[in-house]
Amino acid sequence: QEELVESGGDSVQFGESLTLSCAASGNNIEVDGMSWYRQSPGAERSFVARIFEDGRTGYADIIKGRFTISRDNAKNTIYLQMNNLRPEDTAVYFCSANIRRAGSFITRNYWGQGTQVTVSS
């Protein structure tokens, strides 16, 4: 059974840094694009950053320059390095990935359970 597990969420102070991780697991899987989204209380889930298997990245304008997404293909894991955190970055951060089984053309989208990031002023 394929799944995504996020980790690294914490409570930090304004201006501090934090790194989130998301690991994809399953038997004989191949992982294509992986992304981070976030959702604040009362708000819709919004895109944060994306990374493809070839290393290409994309970022939401609101976090560009402060957050960096990276990937370890051997571990099917992505990271989100978050610097200069602000109270408005407080949210549950979710990982999403397109996963297929080796040899299959069928790709499915999976979501993790989320990890809480709280930034205090």
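This text follows the structure it describes.
Just so we're clear, the structure is a prediction, and the values are computed from it rather than from any experiment.

Here we take up the sheet that holds strand 7 (residues 67-72). The four strands are arranged 1-3-8-7 in an open sheet whose pairing can be described as antiparallel. Only two strands of the sheet have a single neighbouring strand rather than two, namely strand 1 (3-7) and strand 7. Taking the axes of each pair of neighbouring strands and ignoring which way they run, one obtains an average angle of 15° across the sheet. For strand 7 and strand 8 (residues 77-82), the ladder comprises six bridges, and the chain directions are antiparallel. The partner of Phe67 across the bridge, within strand 8, is Met82.

Attention shifts here to the packing of aromatic side chains. Counted by the stated rule, this structure contains two aromatic pairs. With centroids separated by 5.7 Å and ring planes inclined at 75°, the aromatic side chains of Tyr37 and Phe47 adopt a geometry described as edge-to-face. Within this pair, whereas Tyr37 is found in strand 4 (residues 29-39), its partner Phe47 is found in strand 5 (residues 46-51), the two being separated by ten residues in sequence. The exposure class of Tyr37 is buried, given its relative accessible area of 19%. Exposure remark for Phe47: the relative accessible area of 25% places this residue in the partly exposed category.

Cut-offs applied
Residues numbered from 1 in each chain as written. Predicted model: local features only at pLDDT ≥ 70, side-chain atom pairs only at ≥ 80, totals over all residues. Heavy atoms only, no water. Pairing = 2+ DSSP bridges. Helix = DSSP H or I, 4+ residues; strand = E, 2+ residues; numbered from the N terminus. Axes fitted to C-alpha atoms, helices over the stretch in contact; angles between N-to-C directions. Phe/Tyr/Trp six-rings, centres within 6.5 Å; stacked < 30°, edge-to-face > 60°. Buried < 20%, exposed > 50% of the residue type's maximum accessible area, 1.4 Å probe, protein only.

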